[in-house]
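Coordinate inspection notes
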Amino acid sequence: MPTQSSLDAMPRAWVEVDLAALVRNARAITAHARARLIPMIKADAYGLGAVPVAGALERVDPFAYGVSSIIEGEELRGAGISRPIIVFTPTLLSDLPRLRSAGLTPSLESSESIHAWAALGGGDWHLAIETGMHRAGIAWDRVGELSDALRACPPAAAFTHYHSAEADDGSLERQERRFRDALGSLPAQPALLHAENSAATARRQSSPWHCIRPGAFLYGLGSGETAALQPEPVVHIRAKILERRQVAANETVSYHALWTAQEPREIATIAVGYGDGYRRHLSNVGRGLLAGREVPVVGAVTMDMTMFDVTGHGARDGDVLTLLGRDGDALLTFEQVAAWGAFSPYELITGLRQRLQRVYSGAQ
Ligand SMILES: *Cc1c(COP(=O)(O)O)cnc(C)c1O
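Residues numbered from 1 in each chain as written. Predicted model: local features only at pLDDT ≥ 70, side-chain atom pairs only at ≥ 80, totals over all residues. Heavy atoms only, no water.

**Details of the pattern of salt bridges**
A side chain of one charge can pair with a side chain of the opposite charge if their charged atoms are brought near each other. Summed over all chains, the structure comprises 21 salt bridges. Among the ionic pairs, Glu74 bridges to Arg98, the shortest N-O distance being 2.5 Å. Residue Glu74 is found in helix 5 (residues 70-78), and its partner Arg98 is found in helix 6 (residues 96-101); the two are separated by 24 residues along the sequence. Classification of Glu74 as partly exposed rests on a relative accessible area of 26%. The partner of Glu294 in a salt bridge is Arg287, with the nearest N and O atoms 2.6 Å apart. Using a relative accessible area of 40% as the deciding quantity, one classes Glu294 as partly exposed. (Salt bridge = Lys/Arg side-chain N within 4 Å of Asp/Glu carboxyl O. Helix = DSSP H or I, 4+ residues; strand = E, 2+ residues; numbered from the N terminus. Buried < 20%, exposed > 50% of the residue type's maximum accessible area, 1.4 Å probe, protein only.)

**Regarding the nonpolar core**
Ranked by internal contacts, the top residues of the largest apolar core, which has 109 residues, are Ile41, Ile129 and Tyr219. The leading source of residues in this core is helix 2 (residues 19-33), at seven residues. When residues of this core are sorted by domain, at least three fall in each of domain 1 (19-219) and domain 2 (235-361). Ignoring sequence-local partners within four residues, the contact set of Tyr219 consists of Leu22, Met40, Ile41, Ala45, Tyr46, Leu48, Val53, Val234, Val235, Phe334 and Ile349. Judged by nonpolar contacts, the second largest core, of seven residues, contains Val247, Val253, Trp259 and Ala261. (Core = buried A, V, L, I, M, F, W, Y, C linked by side-chain atoms within 4.5 Å. Domains from an automatic or database assignment. Contact = heavy atoms within 4.5 Å.)

**Examining the side chain of Asp276**
Summarising the element assignment, Asp276 is placed in the loop between strand 14 (265-270) and strand 15 (287-290). On the basis of relative accessible area, Asp276 is assigned to the buried category, the value being 1%. For Asp276, the contacting residues outside a window of four places in its chain are Ala271, Met303, Gly351, Leu352, Arg353, Arg355 and Leu356.

**Overview of the environment of Asn284**
Tracing the backbone shows Asn284 in the loop between strand 14 and strand 15. In this structure, the C-alpha to C-alpha distance between Asn284 and Gly299, residues 15 residues apart in sequence, is 5.1 Å. What Asn284 contacts, discounting residues up to four positions off in sequence, is Leu258, Trp259, Val297, Val298 and Gly299. A polar atom in the side chain of Asn284 sits 2.8 Å from the backbone nitrogen of Gly299. (Polar contact = N/O pair within 3.5 Å; in protein donor to acceptor, adjacent residues only side chain to side chain.)

**Description of helix 2**
Every α-helix winds through 3.6 residues per turn, so residues three or four apart in the chain are directed the same way. With 15 residues, helix 2 ought to run about 21 Å at 1.5 Å a step, and its terminal C-alpha atoms sit 21 Å apart, in line with that. Along helix 2, the residues that are buried comprise Leu19, Ala21, Leu22, Val23, Asn25, Ala26, Ile29, His32 and Ala33. Against strand 1 (13-18), strand 2 (36-37), helix 4 (50-57), helix 10 (198-203), strand 10 (211-212) and strand 20 (357-361) lie the buried residues of helix 2. The backbone nitrogen of Ala20 lies 3.1 Å from a side-chain oxygen of the residue at the head of helix 2, namely Asp18. (Expected span 1.5 Å × (residues − 1).)

**Considerations on the environment of Val320**
Relative to the helices and strands, Val320 resides in strand 18 (residues 320-327). For the pair Val320 and Ile38, spaced 282 residues apart in sequence, the C-alpha to C-alpha distance is 36 Å.

**Some thoughts on the pairing of strand 15**
Here strand 15 runs beside strand 16 (residues 293-296); their pairing, made up of four bridges, is antiparallel. Bridge assignment links Leu289 to a residue of strand 16, and that residue is Glu294. (Pairing = 2+ DSSP bridges.)

**Considering the pairing of strand 18**
Where burial is concerned, most of strand 18 is hidden: seven out of the eight residues are buried. Where strand 11 (residues 235-247) meets strand 18, four bridges bridge the pair, whose relative direction is antiparallel. Paired with Ile237 across the bridge in strand 18 is Leu324. Sheet analysis places strand 15 next to strand 18, joined by two bridges and oriented antiparallel.

**Comments concerning the packing of aromatic side chains**
Aromatic ring pairs are reported here in terms of the distance separating the ring centres and the angle at which the planes meet. Under the criterion given, the structure shown has four aromatic pairs. With a centroid separation of 6.4 Å and 40 degrees between ring planes, the pair formed by Tyr46 and Tyr346 is classed as tilted. Here Tyr346 lies in helix 12 (residues 345-350) and Tyr46 lies in helix 3 (residues 42-46), a separation of 300 residues in the sequence. Geometrically, the ring pair formed by Phe179 and Trp209 is edge-to-face, given 5.0 Å between the ring centres and 65 degrees between the ring planes. On the criterion of sequence distance, the pair formed by Phe179 in helix 9 (residues 171-184) and Trp209 in the loop between helix 10 and strand 10 is long-range, its members being 30 residues apart. For the pair Phe179 and Trp209, one class covers both residues: buried. A cation over an aromatic ring shows up here: Arg100 above the ring of Trp117, its NZ or CZ 6.0 Å from the ring centre. (Phe/Tyr/Trp six-rings, centres within 6.5 Å; stacked < 30°, edge-to-face > 60°. Lys NZ or Arg CZ within 6 Å of the ring centre and 35° of its normal.)

Dropping the structure here:
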């Protein structure tokens, strides 16, 4: 939280990204897994800004970065990132030349694409093995069909992806067995194997594979209370109170009159709404922090503004309300805020729009 003197210079609402905490999370999960790190910085580092996030993560000497598109990889190359950048989403054959000229590493899954990559001059690529998610990759029981292509152009790595790593439902173990079966039918073992996302890493002890691929954990999203490792908060969403009003008993607040004052209440308005990614599902159920104490959202979240009941808090215009993150000893996590609105914490973080200015700290 900025000091009062620096506060006037802040915009009316912003997202603080604590890059020092991000780096500590990266170090913690790498040490916990005892494996090399492939930070997933796809989707603009989950909305936090891929270039500043990668710039900070350079300090932990990651093995590579993970993205989901050629454009994301090109942005990082343009910012001077020289480590391997792996594109984890399948690439059309017609896009492989562009991926190659950007110096990116594809994940491939068919004889056709492996031969096409070899014909372009090749270079490192990762074999995507599908073990139950049915999203991308060659099916675990069909890798034998790739034998000729794999002999002609062997992959630098092979990987799979778990669909329910945050649950103790046996699915991770089943997928891992399928992955091991598939590896057993490859003509040669790739030098690197990787499988684990944040939840798979944080809920287990050390990794059985060479690299881990966390995204969420780095950005402060936990993998459940029972996880062996918990992240530090990285993101703090703040907004200044712009206006306050006394609302009389039986008056309603916001669209569709979803909230009615039972008695006279003091209502504060901030300039954050669903147009900033503060989801409409938080209408009447979300909470913020004012001087470390919880204050409830009242009425519908609107596109540009949201109202909070600040009765009895001695609030003044310009006071900072925290929508997510730390305020004094109080903390609102992504999981907590998302649970109020019954949506995914991943959608909350990746849905924060650019109108909420990003303010970075701890860059060095
Ligand atoms: C997004 C993604 C990850 C990271 O998942 P988190 O749950 O954010 O840790 C890892 N691997 C692949 C292939 C992904 O698409």
